[in-house]
Amino acid sequence: SPAEVVLQTAGLAVGYQDLQVVQGIDLAVQKGKITALLGANGSGKTTVLRTVVGLQRPLGGEVRLFGEVTRAALHARARAGLGYIAENRSLIPALTVRDNLRLAKVDTAAVVALAPPLEKLLSRRAGLLSGGEQQLLSVSRALARRPRLLVVDEFCQGLAPLAAETVSALLRQATEAGTAVLLVEQMLHRALELSDRFLVLRQGAVALAGRSADHRNRTEEIERLTIAT
Ligand code: ATP
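Residues numbered from 1 in each chain as written. Predicted model: local features only at pLDDT ≥ 70, side-chain atom pairs only at ≥ 80, totals over all residues. Heavy atoms only, no water.

### Quick look at the overall build of the protein chain
When helices and strands are counted, the protein chain shows 8 helices and 10 strands. Here the protein chain has a C-alpha radius of gyration of 17 Å; the compact-globule value for 229 residues is 17 Å, and the two agree. Structurally, the protein chain occupies a C-alpha span of about 45 × 40 × 40 Å along its principal axes. The buried share among the 229 residues of the protein chain stands at 48%. Taking the contacts inside the protein chain whose residues are at least 6 apart along the sequence as the reference set, 67% of them involve residues at least 24 apart. Split by element, the accessible area of the protein chain, about 11,200 Å² in all, is 49% carbon and sulfur. Charge separation in the protein chain, taken as the distance between the mean sites of 28 positive and 21 negative side-chain charges, equals 6 Å. (Helix = DSSP H or I, 4+ residues; strand = E, 2+ residues; numbered from the N terminus. Rg over C-alpha atoms; globule rule 2.2 N^0.38 Å. Buried < 20%, exposed > 50% of the residue type's maximum accessible area, 1.4 Å probe, protein only. Contact = heavy atoms within 4.5 Å. Areas by Shrake-Rupley, 256 points an atom, 1.4 Å probe, with all protein chains shown as cover. Lys, Arg positive; Asp, Glu negative; His and termini not counted. Charge placed at Lys NZ, Arg CZ, Asp CG, Glu CD.)

What follows is the structure, encoded as structure tokens:
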């Protein structure tokens, strides 16, 4: 039987003022799978994510989330099972790790169970954590809510290889439990290694899409498409 589609867009078009930056995108994200959104700077990746989670209104087309076309705001989509981690990791730097979890109404023990290294860091301000620790906190906090779909911008941006591997493993573990993931990841090899499927955006349109495994050993085409224009 075909995998359950958790998120689907049809003809999704998005813009700012008079500038259209997403030009009618069709994408589908399946339960238990990781989909990577690739593309050069300015190709529209963040705009697509923001529209999918309800922070940006589409000019045209539709977003179908958990089987229903939605125009709901982010908080309502979150209640329905959507998690979102923005580029800035969605943390409050001046608050401690514990207070960041409290504010999000997430159980500390559940987060520590997912990410044991955080236990020693609960009293530290989130802004003083390393990039890897911050992303571990963001991802485990999001996963503690057991989202059906997790959307992550700049997944491993700025992380050392070991930290990137730690958060990647956490994400894979969640997909084995059925969570679907849509992420943006700049490092092409890492993105293809981590994901099941990928899409390459070029000037707001899908230039290429496919199975990540088919492209792991031949990335030239994707590299060519992700060069800034
Ligand atoms: P990056 O990898 O640099 O984050 P991206 O692929 O995520 O880029 P977007 O951030 O979605 O791309 O931006 C797509 C286009 O929309 C760019 O030309 C950008 O300048 C423009 N843009 C983004 N946000 C706004 C905004 N708030 N107002 C006007 N234009 C914007």
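### Details of the UniProt feature "domain: ABC transporter" (unreviewed entry) in the protein chain
Those places that UniProt annotates as "domain: ABC transporter" (unreviewed entry) correspond, in this numbering, to residues 7-228. The distance from the first to the last C-alpha atom of residues 7-228 is 28 Å, and the span holds 32% helix and 28% strand. (UniProt positions renumbered as here; feature names shortened; annotations may be inferred.)

### So, the packing of aromatic side chains
As enumerated under the stated definition, the model contains 0 aromatic pairs in all. When the ring centre of Phe66 is taken as origin, the NZ or CZ atom of Arg148, which lies over that ring, is 4.2 Å away. (Phe/Tyr/Trp six-rings, centres within 6.5 Å; stacked < 30°, edge-to-face > 60°. Lys NZ or Arg CZ within 6 Å of the ring centre and 35° of its normal.)

### Some remarks on the sheet that holds strand β9 (residues 197-202)
Read from one edge of the open sheet, 6 strands run β6-β7-β8-β3-β9-β10, paired in mixed fashion. The outermost strands of the open sheet, each flanked by one partner alone, are β6 (82-85) and β10 (205-211). For this sheet, the mean inter-axis angle between neighbouring strands, taken without regard to orientation, is 15°. Taken together, the 5 bridges between strand β3 (residues 34-39) and β9 define a ladder with parallel strand orientation. The partner of Gly39 across the bridge, within β9, is Leu201. Against the sheet, helix α1 (residues 45-53) contacts β3, β6, β7 (149-152), β8 (180-184) and β9, and its axis sits at roughly 140° relative to β3. Where helix α5 (residues 131-144) meets the sheet, it contacts β6 and β7, and its direction lies at approximately 170° from that of β6. (Pairing = 2+ DSSP bridges. Axes fitted to C-alpha atoms, helices over the stretch in contact; angles between N-to-C directions.)

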